[in-house]
Every structure is written in C-alpha cells, then in structure tokens.
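The lines below spell out each chain.
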Amino acid sequence: MEIAIILIPVLIIAFVAFYENAKKTAHLPRAPFGFDAEYGPDSARVRDELETLTRR
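Residues numbered from 1 in each chain as written. Predicted model: local features only at pLDDT ≥ 70, side-chain atom pairs only at ≥ 80, totals over all residues. Heavy atoms only, no water.

Draft legend 1. Inspection of the pattern of salt bridges at higher detail. In total, this model carries three salt bridges according to the counting rule given. For Arg-45, the salt bridge goes to Glu-49, with nearest N and O atoms at 2.9 Å. Pair noted here: Arg-45 and Glu-49 are both in helix H2 (residues 43-54), with a separation of four residues, about one helical turn. Note that Glu-51 is salt-bridged to Arg-55, the shortest N-O span being 3.7 Å. The exposure class of Arg-55 is exposed, given its relative accessible area of 61%. (Salt bridge = Lys/Arg side-chain N within 4 Å of Asp/Glu carboxyl O. Helix = DSSP H or I, 4+ residues; strand = E, 2+ residues; numbered from the N terminus. Buried < 20%, exposed > 50% of the residue type's maximum accessible area, 1.4 Å probe, protein only.)

Structural data, given as structure tokens:
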C-alpha cells in the first residue's frame, strides 16, 4: 500500500512533465540540423528559384 502512495504521485508528475514538454516543442522541426528543411515555410519559393536558375 505504501508503494502505491509513492508511485501514483510520481507517475502523475512524470506524465505532466512529458505533456508540458510536448506542448512546448510541438512546433519545432522533428529532425535536427535542418534534415527536414524541404518542409520549411519557404521551400516552395526556393524550389521555384532553383528551377528558374537552371532553365537558362
């Protein structure tokens, strides 16, 4: 019974900590160092500029 008194608050604190961290980092890119840069906000503009430059 004593273990439940200790374990339940610890699990609740861990869940809250993970949940808060997930909320804070939800908008960040998933891959580090720009490995997913092709999904950035101006990736379409960059692709269009590259296509224009390579058509010459």
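Draft legend 2. Layout of the packing of aromatic side chains. Evaluation of the coordinates by the stated rule reveals one aromatic pair. Ring geometry for Phe-15 against Tyr-19: centres 6.3 Å apart, planes inclined by 15°, an arrangement best described as stacked. Taken as a pair, Phe-15 and Tyr-19 lie in helix H1 (residues 2-24) at a separation of four residues, close to a single helical turn. The class of Phe-15 is exposed, set by a relative accessible area of 58%. Classification of Tyr-19 by relative accessible area gives partly exposed; the value is 46%. (Phe/Tyr/Trp six-rings, centres within 6.5 Å; stacked < 30°, edge-to-face > 60°.)

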